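Per-entry structural report
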Amino acid sequence: MTKTLNLALQGGGAHGAYTWGALDRLMDEEDIALDSITATSAGAMNAAMLVTGLARGGRQGAKDLLREFWTRVTEAAAGPRSPFAMFALPPDPTTLNAFYENSPAYKMSEWATRNFSPYQLNPMNLNPLRDLLADLVDFDVVCNSDDGPKLFVNATNVRRGRGRVFAGNEINTDVLLASACLPSIFQAVEIDGEDYWDGGYMGNPAIYPLIYGAECRDVLIVHINPIIREETPRTAAEIANRINELSFNASLMREMRAVTFVQRLLDDGIIPEGKWKRLRIHSVRDDDTMRAFGVATKSTPDWAVLTKLHQAGHASMDDWLATHKDKIGVTDSVDIQADFL
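**Section: the packing of aromatic side chains**
- Scanning the model with the defined rule gives seven aromatic pairs in all.
- Between the aromatic rings of phenylalanine 69 and tryptophan 70, the centroid separation amounts to 5.3 Å while the plane-to-plane angle is 80°, which identifies the pairing as edge-to-face. Of the two residues, phenylalanine 69 and tryptophan 70, neither departs from the other in class, the shared state being buried.
- Three or more aromatic residues joined by ring pairs make a cluster, and in this case those are Trp20, Phe69, Trp70 and Trp303.

Next up, the structure:
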């Protein structure tokens, strides 16, 4: 019997390779179908590859296109390279993160982006992802697929200070770039006369499109940014990293509170079943691995880092399927109160 899921894919730069690994494993499940995907930043890139690949070559086509995307991201990226990419088994995340965090090239990049804007550093507004997305993504399929999952992409309106969810024919290369537009690195992306930054500030990812735009009630969130850290950050790098995590988790935490509130109203009979949708929330995450990585590796897509993240995402999805697959269509597989509130 086929089970149906919605996906909610977080953004987080190169750490989106964790989601690549999770999706790679999910595509092996022939009896799981996808209704809709809501995604932000790197999550939106993964989602666009997934939908395009499914349409072109089924599940194997999706796996192949995701791998091609991340391979070409590495090839197109500028920045420091670790000596670990040649190893079949990359070292542990802590070692990889330390290499980048202490790299002179990374420190120089951090200094530059703190003192100069992308309008000064990149006046021609060059972005290697633009050509890559135009080459790999079939927007006719992404926007109008009758058979594949519907896609919702979130970006942040700079002037109005609110999120905007793009869907259907609205989605194009500019929308994907806007969803991943970190303002310290890229110039704002103009769409319909408005400037947009990374969607993670207002929805990482936005859950509410699934309430109104999806038939399925099951939502599987693939987390990139760890929610909990046991120790208070002490060093400048640790503090900057935790601020990044808190910022890009804040919107999701707010939406989980809203979901819990609606669930409670339904449970207490205050609002009738059918008037509001009761979501079943599921979660794939590996906070131990993602805590070991830091903000430094989010902006440096070295193949050694991507490989380690892919392995972690693949293993996390495998564990979730083994433990919770039978809960799809039945009940939550996370304790929302404990995990989010």
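Back to the write-up after that little detour.
**Digging into the nonpolar core**
- Formed by 70 residues in total, the largest nonpolar core has its most connected members in Leu7, Ile37, Leu50, Phe69 and Leu176.
- The element best represented in this core is helix H2 (residues 42-76), accounting for 13 residues.
- Not counting residues within four places of it along the chain, the set of residues in contact with leucine 50 comprises Leu7, Leu23, Met27, Leu34, Ile37, Ala62 and Leu66.
- Of all hydrophobic cores here, the second largest spans 19 residues; its members include Ala8, Leu210, Met256 and Ile336.

**A look at the packing of helix H3 (residues 93-101) against helix H13 (residues 303-324)**
- Here H3 crosses H13 at 150°, and the two axes come no closer than 11 Å. With respect to their mutual orientation, H3 and H13 come out roughly antiparallel. With respect to the hand of their crossing, H3 and H13 are arranged in left-handed fashion. When H3 is examined against H13, the residues Pro93, Leu96 and Tyr100 are found in contact with a partner set consisting of Ala304, Val305 and Lys308.

**Some details on the confidence of the model for the protein**
- With 96% of its residues at a pLDDT of at least 70, the protein reaches an overall mean of 91.
- Model confidence for the protein, summarised as mean pLDDT per element, is weakest for helix H14 (residues 336-340) at 82 and strongest for helix H1 (residues 17-26) at 98.

Reading the values: rules and limits
- Per chain, the residues get numbers from 1 upward, laid out in the order the sequence is written.
- In keeping with the predicted nature of the model, local features appear solely for residues at pLDDT of at least 70, side-chain atom pairs appear and are counted solely at 80 or more, and the whole-chain, interface and lining totals rest on all residues.
- With hydrogens and water set aside, each side-chain value is computed from the structure's full complement of heavy atoms.
- Note on aromatic pairs: the rings of Phe, Tyr and Trp (six-membered ring only in Trp) are paired at centre separations within 6.5 Å, and the planes decide the class, stacked below 30 degrees, edge-to-face beyond 60, tilted for the rest.
- The buried label goes to any residue with under 20% of its type's maximum accessible area, the exposed label to any with over 50%, and the partly exposed label to all in between, with areas taken from a 1.4 Å probe on protein chains only.
- Throughout, nonpolar core names a set of buried Ala, Val, Leu, Ile, Met, Phe, Trp, Tyr and Cys residues whose side chains join them through atoms within 4.5 Å.
- Each helix corresponds to a stretch of at least 4 residues labelled H or I by DSSP, and each strand to a stretch of at least 2 residues labelled E; elements are numbered beginning at the N terminus.
- Two residues form a contact once any of their heavy atoms are found within 4.5 Å.
- Helix axes are fitted to C-alpha atoms over the stretch in contact, other axes to C-alpha atoms as well, and angles between N-to-C directions run from 0 to 180 degrees.
- Angles below 35 degrees are treated as roughly parallel, those above 145 as roughly antiparallel, those between 65 and 115 as roughly perpendicular, and all remaining angles as oblique.
- For any pair of crossing helices, the crossing counts as left-handed if the nearer helix is rotated counterclockwise from the farther one by less than a right angle, and right-handed if it is rotated clockwise.
- pLDDT measures how confident the predictor is about each residue, on a scale from 0 to 100.

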